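The residues making up each chain are set out below.
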2 protein chains.
Amino acid sequence: MQTFLDQVKWTADGLVPAIAQDAASGRILMMAWMNREALDLTVREGRAIYWSRSRARLWRKGETSGNVQQVQEIRLDCDADVIVLQVEQAGGIACHTGRQSCFFRVLKDGAWHTVDPVLQDPDTLYR
Amino acid sequence: MQTFLDQVKWTADGLVPAIAQDAASGRILMMAWMNREALDLTVREGRAIYWSRSRARLWRKGETSGNVQQVQEIRLDCDADVIVLQVEQAGGIACHTGRQSCFFRVLKDGAWHTVDPVLQDPDTLYR
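Residues numbered from 1 in each chain as written. Chains lettered and ligands numbered in written order. Predicted model: local features only at pLDDT ≥ 70, side-chain atom pairs only at ≥ 80, totals over all residues. Heavy atoms only, no water.

In the annotation of an unreviewed UniProt entry, chain A is listed under the name Phosphoribosyl-AMP cyclohydrolase and assigned to Exilibacterium tricleocarpae. Heading Subunit (unreviewed entry) of the UniProt record for chain A holds this comment: "Homodimer." Here chain A is described in UniProt, under the heading Subcellular location (unreviewed entry), as follows: "Cytoplasm". (UniProt positions renumbered as here; feature names shortened; annotations may be inferred.)

Okay, structure coming up:
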């Protein structure tokens with residue numbers, strides 16, 4: 001029997017991009033990747049679990065920093081190859097730089113400008 | 001001299017994922033891919049231009065349907081490998097199925113359920 005996992009169009013590497021959006025503010029917090037197991041566990045545990053491509057292992061978001069993402073809703077796009085998570089972001093910080101969102105640089109006059117403040121020193125996030 | 005294009009971490013295929021968010025509502029409309037030329041043209045023309053992987057050519061969003069995306073802001077994430085566009089979506093329809101957003105399916109009880117209405121018959125969008 002086909003499950004919801006079978007309906008996702010995984011990349012050749014068995015991954016799907018997952019966009020995390022703050023359910024309260026609508027701010028896009030980050031984009032990461034999930035493999036089949038990560039999406040399955042995300043559903044079972046109700047918290048965002050990604051596949052870290054750099055570390056080649058499951059990444060329970062917040063496992064070190066405590067900044068867990070509780071998942072309120074999971075959506076799939078028309079091509080079945082991108083996922084959007086509505087999350088409640090613990091600590092209000094999604095980015096490893098200590099900012100609310102990973103998208104803290106804006107293009108202006110041909111250059112990327114950092115426009116969002118660091119809310120917490122990353123050294124205190126990962127110790 | 002390094003330009004903003006050089007600071008983007010392109011994939012091995014020379015692409016970067018670009019998430020389009022409705023600037024007014026905050027709704028995530030779609031995710032597509034850009035190559036260097038697509039991002040450069042997006043900035044120059046002020047409208048979203050993607051790289052269609054299936055058709056292997058530049059894709060001026062709305063070129064057939066008229067549902068152009070005017071770009072109000074472009075952001076880059078901490079890893080420099082994902083882009084977010086704040087867009088004004090002409091026609092209020094981003095999806096080729098005639099829906100506002102490509103993310104019209106929600107996971108519930110282990111299955112994907114279509115929860116958003118078709119606003120315009122896709123046959124009348126692409127004729």
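Draft legend 1. Representation of the layout of surface pockets within the structure. By volume, the largest pocket is sized at about 940 Å³. As for the largest pocket, its lining consists of 39 residues, of which Asp79 and Asp81 of chain A together with Ala32, Trp33 and Arg53 of chain B are closest to the centre. Going through the elements one at a time, strand E1 (15–22) of chain A together with strand E2 (28–35), strand E3 (49–52) and strand E4 (57–60) of chain B are the ones with two or more residues in the lining of the largest pocket. A total of 4 residues in the lining of the largest pocket trace back to one element, the largest contributor, which is E2 of chain B. For the lining of the largest pocket, a count of residues per class yields 19 nonpolar, 8 polar and 12 charged. The space that makes up the second largest pocket amounts to roughly 720 Å³. Along the wall of the second largest pocket there are 31 residues; nearest its centre are Ala32, Ser52, Ser54 and Trp59 of chain A together with Asp79 of chain B. Going through the elements one at a time, strand E2 (28–35) and strand E3 (49–52) of chain A together with strand E1 (15–22) of chain B are the ones with two or more residues in the lining of the second largest pocket. Here the lining of the second largest pocket gets 4 residues from one element, more than from any other, and that element is E2 of chain A. Looking at the lining of the second largest pocket residue by residue, the classes come out as 16 nonpolar, 7 polar and 8 charged. (1 Å grid on protein atoms, 1.4 Å probe; cavity = no way out; pocket = protein on both sides within 12 Å on 5 of 7 lines; lining within 4 Å. Points joined across faces, edges and corners; volume = space filled by probe spheres on them. Helix = DSSP H or I, 4+ residues; strand = E, 2+ residues; numbered from the N terminus. Nonpolar A, V, L, I, M, F, W, Y, C, P; charged D, E, K, R; others polar.)

Draft legend 2. Region of interest: the interface of chain A and chain B. Chain A puts 39 residues into the contact, and the matching count from chain B is 39 residues. Of the roughly 3200 Å² buried where chain A meets chain B, counting both sides, 68% is carbon and sulfur surface. Considering only the surface of chain A that becomes buried against chain B, Arg75, Phe103 and Trp112 of chain A emerge as the three largest contributors, covering 22% of it. Viewed at the interface, chain B and chain A are joined by 18 residue pairs in polar contact (both at pLDDT 80 or more). The set of elements that each furnish at least two residues to the side of chain A that touches chain B consists of E1, E2, strand E5 (69–76), strand E6 (83–89), strand E7 (105–108) and strand E8 (111–114) of chain A. With 4 residues, E5 of chain A is the single largest residue contributor to the side of chain A that touches chain B. For the side of chain A that touches chain B, the class distribution of residues is 24 nonpolar, 6 polar and 9 charged. Bridge count for E5 of chain A against strand E7 (residues 105–108) of chain B is 2 bridges, and the pairing is antiparallel. (Contact = heavy atoms within 4.5 Å. Buried area = accessible area lost by both parts, 1.4 Å probe. Polar contact = N/O pair within 3.5 Å; in protein donor to acceptor, adjacent residues only side chain to side chain. Pairing = 2+ DSSP bridges.)

Draft legend 3. Broad picture of unusual backbone geometry. We note that Asp109 of chain A has phi near 50 degrees; this positive angle belongs to a residue other than glycine. In this fold, Asp109 of chain A is placed in the loop between E7 and E8.

Draft legend 4. A look at helix H1 (residues 36–45) of chain B. All names here are of chain B. Buried within H1 we find Ala38, Leu39, Leu41 and Thr42. Down the axis of H1, the smallest arc covering the buried residues is 165 degrees, so these residues share one side. Backbone geometry just after H1 places Gly46 at a positive phi near 70 degrees. (Buried < 20%, exposed > 50% of the residue type's maximum accessible area, 1.4 Å probe, protein only. Arc of directions from axis to C-beta.)

Draft legend 5. Quick look at the UniProt feature "binding site: Mg(2+)" (unreviewed entry) in chain A. Under the UniProt annotation, "binding site: Mg(2+)" (unreviewed entry) lies at Asp77, Asp79 and Asp81 of chain A. Taken from the residues named earlier, the lining of the largest pocket is made up of Asp77, Asp79 and Asp81 of chain A. Position of Asp77 of chain A relative to the elements: it lies in the loop between E5 and E6. The exposure class assigned to Asp77 of chain A is buried, which follows from its relative accessible area of 2%. Examined against the element boundaries, Asp81 of chain A turns out to sit in the loop between E5 and E6. Sequence-distant contacts of Asp81 of chain A, that is, excluding residues within four places in its chain, are made with Lys9, Val16, Pro17 and Leu76 of chain A together with Arg53 of chain B.

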